[in-house]
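Observations on the three-dimensional arrangement
Residues per chain, in single letters:
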Amino acid sequence: MERDVLTADRLMPGRAGEIMELFNTGPLRRRLTELGLIPGAVLRRRYTAPGGSPIAFEVSGTLLALRTKDAAQIALREVNEPWTA
């Protein structure tokens, strides 16, 4: 991976990243793409459960929760976008 590429589980709360690639496979990958997690989409980390999993992300105005191990399979390039509530 490129130096400025990180995975969604490592994205800091409130920060956003452009999806570069999904490494998930099978039905999970299909479901994530149906939810809008496609290359070029912007994913923002919103909240994390007290135990660290799941993590809530926003993509295209939709809030969704992913297990940490599944978020680790999403490659991002961090982008600077203003925080919106």
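Residues take numbers from 1 onward in each chain, read along the sequence in its written order. Local features in a predicted model are, by the rule used here, given only for residues with pLDDT of at least 70; side-chain atom pairs are given and counted only at 80 or more, and totals for whole chains, interfaces and linings are based on all residues. Hydrogen atoms and water are omitted, and side-chain values are computed over all heavy atoms in the structure.

1. Describing the overall build of the protein
Counting its secondary structure elements, the protein contains 2 helices and 6 strands. Numbering of helices and strands starts at the N terminus; helices are DSSP runs of H or I of at least 4 residues and strands are runs of E of at least 2. Reading the protein from its N end, one meets helices and strands in the order β-β-α-β-β-β-α-β. For the protein, the C-alpha radius of gyration of 12 Å lies close to 12 Å, the compact-globule estimate for 85 residues. Projecting the C-alpha coordinates of the protein onto the three principal axes gives extents of approximately 35 × 30 × 25 Å. Going through the 85 residues of the protein one by one, you find that 36% of them count as buried. Between the two quantities, the radius of gyration covers C-alpha atoms and the globule rule is 2.2 Å times the number of residues to the power 0.38. Buried means the residue's accessible area, taken with a 1.4 Å probe over protein chains only, is under 20% of the maximum for its type, while exposed means over 50%, and partly exposed covers the values in between.

2. Quick notes on the environment of Glu58
By the element assignment, Glu58 lies in strand β4 (residues 55-59). What makes Glu58 partly exposed here is its relative accessible area of 23%. In this structure, the C-alpha to C-alpha distance between Glu58 and Pro27, residues 31 residues apart in sequence, is 21 Å. Throughout, a residue-residue contact means that at least one pair of heavy atoms, one from each residue, lies within 4.5 Å. With sequence-adjacent residues up to four places away left out, Glu58 is seen in contact with Val42, Leu43, Arg44, Arg46 and Leu63. As used in this structure description, the phrase polar contact means that two N or O atoms lie within 3.5 Å; if the pair is within protein, one of them must be able to donate a hydrogen and the other to accept it, and residues adjacent in sequence are counted only when both atoms belong to side chains. Looking at Glu58, its side chain comes within polar contact range of the side chain of Arg46, at 2.3 Å.

3. Digging into the nonpolar core
By size, the foremost hydrophobic cluster in this structure holds 17 residues, and its most contacted members are Ile19, Leu37, Leu43, Leu66 and Ile74. In terms of residue count, β4 provides more of this core than any other element does, 3 residues in total. By nonpolar core we mean a set of buried residues, namely Ala, Val, Leu, Ile, Met, Phe, Trp, Tyr and Cys, connected to one another through side-chain atoms within 4.5 Å.

4. Quick word on the environment of Gly36
Its location among the elements puts Gly36 in the loop between α1 (26-34) and β3 (42-48). Assessed through its relative accessible area of 18%, Gly36 is described here as buried. For the pair Gly36 and Ala49, spaced 13 residues apart in sequence, the C-alpha separation works out to 22 Å.

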